[in-house]
Amino acid sequence: MTTYFSPETARSRAAGAASTPREMARQLACNRREFLRTAAGLALGSTLLGSSAMVRAATTSKKRKVVVITFGGGARDQETFAPEGQENIPHLIGELIPQSAFFTQVVNRGILGHYVATASLATGVYETINNFASLPPEHPTVFEYFRKDLRRPPSDAWVVAPSNGFNRIGESNHASYGGGLGARVILPKHLLTAAMSGASTDYDHLLRDNYETPFYAPELGGREFELQQLEMMLKLSVDDFKAHARTLSSPDELSVYIARQLMRQVAPSLLWITMHDIDIAHAGAYSLYIDGIRRTDRLCAELWKAIQTEPEYAGNTTLFILPDFGRDSDDDSGGNGFQHHRTGDALSRTTWMMVLGAGVRPGVVFDRPMESTDLVPTIGSMLDFSAALAQGKPIAELL
Ligand SMILES: [Zn+2]
């Protein structure tokens, strides 16, 4: 039994009076805020509104860049930001939070499947496409808005995706967009499979494609990265790639390795990296789920460090880190706790977001509710393009 919920919540449950989802979400946010204030000594955002213009003026004149990391695969508060979970995220707590604007209450009202939820984050609309089909989002992606409005080349928007099932995420089928306006999508596992060019068991730990439907293997179409571009674009020989991959412990490590090559060699202005290791929780082993959280925590810090050390990114990049969604609570009889995200309860829908870097006032906590669909309009306001068809609203505290 977790100690995370307030006594009031526990009492109302014991009395059989279930809290509303809105009340539950508010409670989760309050707990995060209290924890963050005591752990990191952060200020409440409402007293500091209006200060970001000062920060923006101090940023460099280099072309603004945005990197999005989805803390992906579904992680709950009690294994992350709740007091009993903090030991699993030492890098977020100790290094990143003090430098970030932190939003305690990001609610996902959409379908809780990883591909469709990540596509929803990327369009600013709750997509309803089949999570396990090779389909593009139905609404324009952030990549299309960015490239069309700002007339950017294909090389300026990239996605590094964890599963071959994400191969269509870079571009919608919307009539006014799509059509070559999207992001290039790198599928590191697809790349590794191609690099092996034959059967090998050396990389099995890196090639597991998803944790929910092991037998789903989409036909790859669209604009996936071609193997020859490994050498041409990433300046990485197939042999070096294979040798390095052999030292990596997980698919997310492989994704971060590829993302770092991409930053160094191509330096896209809009880069989206989706993590997924945490979702191994579906296998039912709590220790593997925790390992996934700890690894994601470390990889987020590594990417932030890379942003600060790559000349093309240092000083002019805003980094967003947010989960696609959470996982089921232990006490919802319709679920099986951490293992899945099937109940749609408040714990699985209420997440957080941290924003670091250019234009961001660090060390501030914002407690008001926002939605997953607010991400794309916010990036639009930052980079000066219009997310015309997105449902969400720009986050005023970041602009
Ligand atoms: Zn999952």
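Residues numbered from 1 in each chain as written. Predicted model: local features only at pLDDT ≥ 70, side-chain atom pairs only at ≥ 80, totals over all residues. Heavy atoms only, no water.

A.B. asks: I'm lost on the pairing of strand S8 (residues 350-357) in this one. Help?
C.D. replies: Note on strand geometry: in a regular strand, side chains alternate between the two faces of the sheet. Among the eight residues of S8, seven are classified as buried, and the element is accordingly described as predominantly covered. Inspection of the sheet shows strand S3 (residues 100-107) paired to S8 by six bridges, in the antiparallel sense. When the bridges of S8 are listed, Val106 appears paired with Thr351. (Buried < 20%, exposed > 50% of the residue type's maximum accessible area, 1.4 Å probe, protein only. Helix = DSSP H or I, 4+ residues; strand = E, 2+ residues; numbered from the N terminus. Pairing = 2+ DSSP bridges.)

A.B. asks: Please explain the pattern of salt bridges as it appears in this structure.
C.D. replies: Pairing between side chains becomes possible if they bear opposite charge and their charged atoms approach one another. Scanning the entire structure with this criterion turns up twelve salt bridges. For Arg298, the salt bridge goes to Glu253, with nearest N and O atoms at 2.8 Å. Pair noted here: Arg298 is in helix H12 (residues 286-309) and Glu253 is in helix H11 (residues 251-265), with a separation of 45 residues, a long-range link. Owing to a relative accessible area of 30%, Arg298 belongs among the partly exposed residues under this scheme. Residue class for Glu253 comes out buried when judged on its relative accessible area of 13%. Linked through salt bridges whose partners overlap, the residues forming this network are Arg76, Glu79 and Asp330. (Salt bridge = Lys/Arg side-chain N within 4 Å of Asp/Glu carboxyl O.)

A.B. asks: Explanation requested: the nonpolar core in the structure shown.
C.D. replies: The nonpolar side chains of a soluble globular protein tend to be buried, and buried together. With 60 residues, the main nonpolar core has Phe71, Phe81, Leu92, Phe241, Ile321 and Met354 as its most contacted residues. Take this core: its biggest share by element is nine residues, from H12. In contact with Met354, other than residues within four places in its own chain, are Phe81, Leu92, Leu96, Ile97, Ser100, Ala101, Phe102, Leu319, Phe320 and Ile321. (Core = buried A, V, L, I, M, F, W, Y, C linked by side-chain atoms within 4.5 Å. Contact = heavy atoms within 4.5 Å.)

A.B. asks: How should I be thinking about the side chain of Asp279 in this particular structure?
C.D. replies: Structurally, the position occupied by Asp279 is in the loop between strand S6 (270-274) and H12. Its relative accessible area of 0% is what places Asp279 among the buried residues. In terms of polar contacts, Asp279 uses its side chain to reach the side chain of His282, at 2.9 Å. At a separation of 3.1 Å, a polar atom in the side chain of Asp279 contacts the side chain of Arg327. Excluding residues within four positions of it along the chain, Asp279 makes contact with Gly73, His114, Tyr211, Glu212, Arg327 and His341. (Polar contact = N/O pair within 3.5 Å; in protein donor to acceptor, adjacent residues only side chain to side chain.)

A.B. asks: What am I meant to see in H11 here?
C.D. replies: Count 3.6 residues to each turn of an α-helix, and residues three or four apart come out pointing the same way. The first and last C-alpha atoms of H11 sit 21 Å apart over 15 residues, in line with the 21 Å expected at 1.5 Å per residue. Within H11, the full set of buried residues consists of Pro251, Asp252, Glu253, Leu254, Ser255, Val256, Tyr257, Ile258, Ala259, Gln261, Leu262 and Met263. Taking the backbone nitrogen of Asp252 as reference, a side-chain oxygen 3.3 Å away marks Ser250 as the first, capping residue of H11. Looking at the residues trailing H11, positive phi occurs at Ala267, about 50°. (Expected span 1.5 Å × (residues − 1).)

A.B. asks: Could you clarify how one ought to interpret the pairing of strand S4 (residues 157-160) in this entry?
C.D. replies: Judged by which residues are buried, S4 turns out to be covered on both faces: Ala157 and Val159 on one side and Trp158 and Val160 on the other are all buried. Direction of pairing for S4 relative to strand S5 (residues 184-186): parallel, over a ladder of three bridges. By the bridge assignment, Val159 is partnered in S5 with Val185.

Worth remembering: the numbers are spatial, not functional.
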